[in-house]
Amino acid sequence: MTTRLSALLVVHVAFIVFGITLVNAQLISNFYASSCPSLQSIVRSGMRAAVQNETRMAASILRLFFHDCFVQGCDASILLDDTSTMQGEKSAFPNVNSLRGFDVVDVIKASVEQSCPGVVSCADILALAARDAVFLSGGPSWNVLLGRRDSLTASYSLANSNLPAPSEDVDSLISKFQAQGLSVSDLVTLSGAHTIGQSRCVNFRDRLYNDDGSGQADPTLSATYLVQLQTVCPSSGGDDNLAPLDVTTPTRFDNIYYKNLLNGRGLLTSDQELFSSNQTSTVSVVQNYAASSASFFTNFPTSMIAMGNISPITGSNGEVRINCRVAN
Ligand code: HEM
Ligand SMILES: *[C@@H]1O[C@H](CO)[C@@H](O)[C@H](O)[C@H]1NC(C)=O
Ligand SMILES: *[C@@H]1O[C@H](CO)[C@@H](O)[C@H](O)[C@H]1NC(C)=O
């Protein structure tokens, strides 16, 4: 009894002490309520215009946010251009010739600057834009937590090491998400972002012709889907040819990505692995979402908020950039 009580006391004291740092780093949804009341509508209309011009832009912006958060936290480091003294993240292997939407962020940032100069971070603009991307594609909406500041630097090497590759197996995906404080369930839930957007042939070619060096196609691929993909992605050349990540409803944010996995229609190894590895912890989540769109739509916002909470900068080691591409 005494040990239990003192253990409780220790936990309680630890929580109070630790709580101070937590409170310091806490993001809140009304952070700009008085300093920039029109923020949410500016971002929403910027995203609406961008997606109306090109449907795929929703996917590209959502991916930008993911690639920002996995490298030094959600600090807009992904948006920094290289300088003579700093190699940024844009040229890292998972990003180069692949990330899109930087000019859309610039346009939105410029309208925000016009209404509320020097107030809103690029990191927060990206978090709001990613939420709007999901909503405008037919997905759920949620309150975005705000108050992040922008980094002064970016990391080419962390972009290469932290971001998962499309060829990775489920254990390796799980450990990359856990390294960011995200759970197995977050991995499966956030992978549902692949319900929209496109991938280049170079990222799934091996599955079609030479899976794991076998000289054969990946046996988990549906036979009809395999033939379909081979017409888009030849065994050599055409690296940049595109295929939708969700072959059934490529531009609609829905749970069909998960139904596709049950049918051998995941485009990347990293997608199909969530089901075909037979790892119970991911398979059960895939099956839940394939059966219940409501469950996916409830959990996706929660996992996006968890990803958005990765190491935010809230103190003097960050700033509000004026131009998202360069530190002030
Ligand atoms: C689980 C590990 C993941 C891997 C290995 C992965 C890998 C990839 C790859 C290789 C592409 C195609 C890029 C290209 O061909 O240029 C892609 C596209 C995309 N990814 Fe992921 N991804 C993962 C998780 C996520 C997460 C967590 C999100 C967001 C929450 C996300 C959002 C997207 C979107 C929306 C696209 C389409 C982008 C566009 O069309 O411009 N991905 N991903
Ligand atoms: C509209 O989309 C096209 C690609 O489909 C792009 O080249 C162009 O820059 C976009 N225009 C605007 C204003 O965003
Ligand atoms: C997963 O289970 C299926 C059906 O039992 C089996 O055919 C397949 O080989 C298993 N895959 C792995 C990677 O163990």
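Predicted model only: the values in this text are computed from it and were never measured.

Definitions and limits used
Residues numbered from 1 in each chain as written. Chains lettered and ligands numbered in written order. Predicted model: local features only at pLDDT ≥ 70, side-chain atom pairs only at ≥ 80, totals over all residues. Heavy atoms only, no water. Helix = DSSP H or I, 4+ residues; strand = E, 2+ residues; numbered from the N terminus. Buried < 20%, exposed > 50% of the residue type's maximum accessible area, 1.4 Å probe, protein only. Polar contact = N/O pair within 3.5 Å; in protein donor to acceptor, adjacent residues only side chain to side chain. Contact = heavy atoms within 4.5 Å. Donors = N, O, S within 2.8 Å, 3.2 Å for Na, K, Ca; no water. UniProt positions renumbered as here; feature names shortened; annotations may be inferred. Domains from an automatic or database assignment. Buried area = accessible area lost by both parts, 1.4 Å probe. Salt bridge = Lys/Arg side-chain N within 4 Å of Asp/Glu carboxyl O. Nonpolar A, V, L, I, M, F, W, Y, C, P; charged D, E, K, R; others polar.

## What about the side chain of Thr-195?
Structurally, Thr-195 is set in the loop between α8 (184–191) and β1 (198–200). When its relative accessible area of 0% is taken as the criterion, Thr-195 is described as buried. A distance of 3.0 Å separates a polar atom in the side chain of Thr-195 from the backbone oxygen of Arg-252. Among all residues touching Thr-195, those that are not within four sequence positions of it are Asp-246, Thr-249, Pro-250, Arg-252, Phe-253, Asp-254 and Tyr-257.

## Considering the coordination of the iron atom of ligand 1
Ideal geometry at a metal centre: 109.5 degrees between donors when four sit tetrahedrally, and 90 or 180 degrees when six sit octahedrally. In this structure, the iron atom of ligand 1 receives exactly one donor atom from the protein: His-194 (NE2), at 2.1 Å. Turning to its location among the elements, His-194 is positioned in the loop between α8 and β1.

## Description of the UniProt feature "active site" (unreviewed entry) in the protein chain
On the UniProt side, "active site" (unreviewed entry) is annotated at positions that read His-67 here. Position of His-67 relative to the elements: it lies in helix α3 (residues 57–69). Setting aside its immediate chain neighbours within four residues, His-67 contacts Ile-78, Glu-89, Pro-94, Asn-95, Leu-99 and Leu-163.

## Focus: the domain arrangement of the protein chain
Partitioning the protein chain into domains gives domain 1 (39–163 + 308–317) and domain 2 (170–307). Between the C-alpha centres of domain 1 and domain 2 there is a distance of 23 Å. In total, domain 1 and domain 2 occlude about 2,100 Å² of area from one another, counting both sides; carbon and sulfur atoms represent 68% of this. One can count zero salt bridges joining domain 1 with domain 2. Where domain 1 packs against domain 2, one counts nine residue pairs in polar contact (both at pLDDT 80 or more). Mapped by element, the contributors of at least two residues to the side of domain 1 that touches domain 2 are α3, α5 (122–136) and α6 (156–162). No other element matches the six residues that α3 contributes to the side of domain 1 that touches domain 2. The residue makeup of the side of domain 1 that touches domain 2, split by class, is 16 nonpolar, 12 polar and one charged.

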